[in-house]
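Here are the chains, one letter per residue:
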Number of protein chains: 2
Amino acid sequence: MSGRLSVVGLGPGEAAVRTPQAEAALAAATDLVGYGPYLARVAAAPAQARHPSDNREEVARACHALGLAADGRHVAVVSSGDAGVFGMASAVFEAIEAGPPAWRRLEVEVVPGISAMFAAAARIGAPLGHDFCAISLSDNLKPWEVVAQRLRAAAGAGFVVALYNPLSRARPWQLGAAFDLLRPILPGATPVVFATAVTRPEERIDVTTLADADQARADMRTLVLVGTKATRRVERPSAPPWLYAPRRGCA
Amino acid sequence: MSGRLSVVGLGPGEAAVRTPQAEAALAAATDLVGYGPYLARVAAAPAQARHPSDNREEVARACHALGLAADGRHVAVVSSGDAGVFGMASAVFEAIEAGPPAWRRLEVEVVPGISAMFAAAARIGAPLGHDFCAISLSDNLKPWEVVAQRLRAAAGAGFVVALYNPLSRARPWQLGAAFDLLRPILPGATPVVFATAVTRPEERIDVTTLADADQARADMRTLVLVGTKATRRVERPSAPPWLYAPRRGCA
């Protein structure tokens, strides 16, 4: 058997937001590799080995998966959302680049998924309907000054901003610092959305403004969206407002 | 019957990259509304009315769909990729905001899809694996100077850039102008990807560099990705290289 490896985006949560292509890649695997809580979202199949691992061990997990594939297994590495967006795909290619030459001969595919940012946006309208960017607030691997520079550049140029990895127990201040950086650049009325556990039973969507944005509303499962001067708010009777980015894309 | 409207992201092309949630929204509709070639991707269902329209009539199409929903129909408005990313969702909310108050009481949902940028990225590795942005090069609705400012800001701050609507018969020079703007900011060796008709039978992926990037490689179906100084290229024997953004996200 010739080994292969699929990096599979599971989508944000429920299986209805997972593509048939992803389901087929999962079903064809002899081995599933991933962060434990993500693996738990995949229905059990007989004769399929599961290799759960802890968080923040991406490269070790990728090397393990590549080793299994090099031994002839059909491996699916799972990632939440889209595997290419702050997910496992980059870790797999980092491991391939640094690993034995044989790993470059493996059949590797990346299966895209519905990203957290698009699932969150869909829940409240079309806030990403024009030019936008995604920034990870994690400074585990890049200096905070790089994060700060990107926040300033994005807000100054009129991009809607999606903030990934807003905070964690080990990084408790980054989201508040991001709001503080943005406040001199954007009006206080700029819409801010906290979208937590989107499409999961515990989903929670809070819409507020930059002036009132409080990082205490976020946890590790939260995706934060920051609008622009152009973002529109459509009030509705007896329902939360819709937010959208007008197609002209500027104020 | 109480009317409702779903804005459905069909994904980039083949049905294997369309979610069950999207299929369910299409199947539940009494009326399908959309740009003709996108409607043609949806399997015919008996007793379902189809309302194809031409390109560049987004707001008229949205008003038509909302009028049908206000008459009690169950309407699905289709969009390629993710409906919230330079798709029909913004046009629908623009129409709701400007339309009769009754439209604000309609049940409206946005169903996310696999966006062209993530489908394209998956085909060549993980080039969007760190901070990135999406910019529409269309200056039909926003001044070119806004586009230019966003390109400079994004490249200067180290974002990977996905270029939507790179060019058309009516806008033949914008993509070349974008490359010219980026060349003084990014090294000539920066990877550039032309991903055309991703997941469709005529799919074509060209990997080149910013120095060699020629807008003649693109057409209306092309998504262009521009890397950063940090983008890595992993050579493979007898196969095209992988591209990825390292998880540290900066050079």
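Here the structure is shown first, and the text comes after it.
Residues numbered from 1 in each chain as written. Chains lettered and ligands numbered in written order. Predicted model: local features only at pLDDT ≥ 70, side-chain atom pairs only at ≥ 80, totals over all residues. Heavy atoms only, no water.

### Some remarks on the sheet that holds strand S13 (residues 239-244) of chain A
Residue and element names in this part refer to chain A. Applicable threshold: Two strands make a pair as long as DSSP finds a minimum of two bridges between them. Helix and strand assignments come from DSSP, with helices taken as H or I runs of at least 4 residues and strands as E runs of at least 2, each series counted from the N terminus.
The three strands are arranged S6-S13-S12 in an open sheet whose pairing can be described as mixed. Whereas interior strands pair on both sides, the edge strands pair on one side only; in this sheet they are strand S6 (125-126) and strand S12 (232-236). In the sheet, S6 pairs with S13 via two bridges, with the strands oriented parallel. In the strand pairing of S13, Ala126 is matched with Tyr244.

### Here's the deal with the environment of A:Trp144
All names here are of chain A. How we decide: Contact criterion: two residues are considered in contact whenever any of their non-hydrogen atoms come within 4.5 Å of each other.
By the secondary structure assignment, Trp144 is in helix H6 (residues 144-156). Taking the C-alpha atoms as reference points, Trp144 and Gln174, 30 residues apart in sequence, are found 8.6 Å from one another. Residues contacting Trp144, with those up to four places away along its chain left out, are Leu137, Asp139, Trp173, Gln174, Ala177, Ala178 and Leu181.

### Some points on the sheet that holds strand S2 (residues 31-35) of chain B
Residues and elements named next belong to chain B. Our working definition: Lines fitted to C-alpha atoms define the axes here, with helix axes fitted over just the stretch in contact, and angles between the N-to-C directions of these axes take values from 0 to 180 degrees.
The strand order S3-S2-S4-S1-S5 describes an open sheet built from five strands, whose pairing is parallel. Each edge of the open sheet carries a strand with a single partner, namely strand S3 (49-53) and strand S5 (107-111). Taking each pair of neighbouring strands and ignoring which way they run, the sheet shows an average axis angle of 15°. Both strand S1 (residues 4-9) and strand S4 (residues 74-79) contribute to a ladder of six bridges, which runs parallel. Each bridged residue has a counterpart across the sheet, and for Leu5 the counterpart in S4 is Val75.

### Some points on the side chain of B:Ser136
Operational definition: Any pair of N or O atoms that falls within 3.5 Å is considered a polar contact. Within protein, one atom must be able to donate a hydrogen and the other to accept it, and sequence-neighbouring residues count only if both atoms are side-chain atoms.
Examined against the element boundaries, B:Ser136 turns out to sit in strand S7 (residues 132-136). A distance of 3.2 Å separates the side chain of B:Ser136 from the backbone nitrogen of B:Ser138, its partner in a polar contact. There is a polar contact of 2.9 Å between the side chain of B:Ser136 and the side chain of B:Asn165. Residues contacting B:Ser136, with those up to four places away along its chain left out, are A:His130, A:Asp131, B:Phe86, B:Lys142, B:Val147, B:Tyr164 and B:Asn165.

Taken by themselves, the reported measurements are silent on function.
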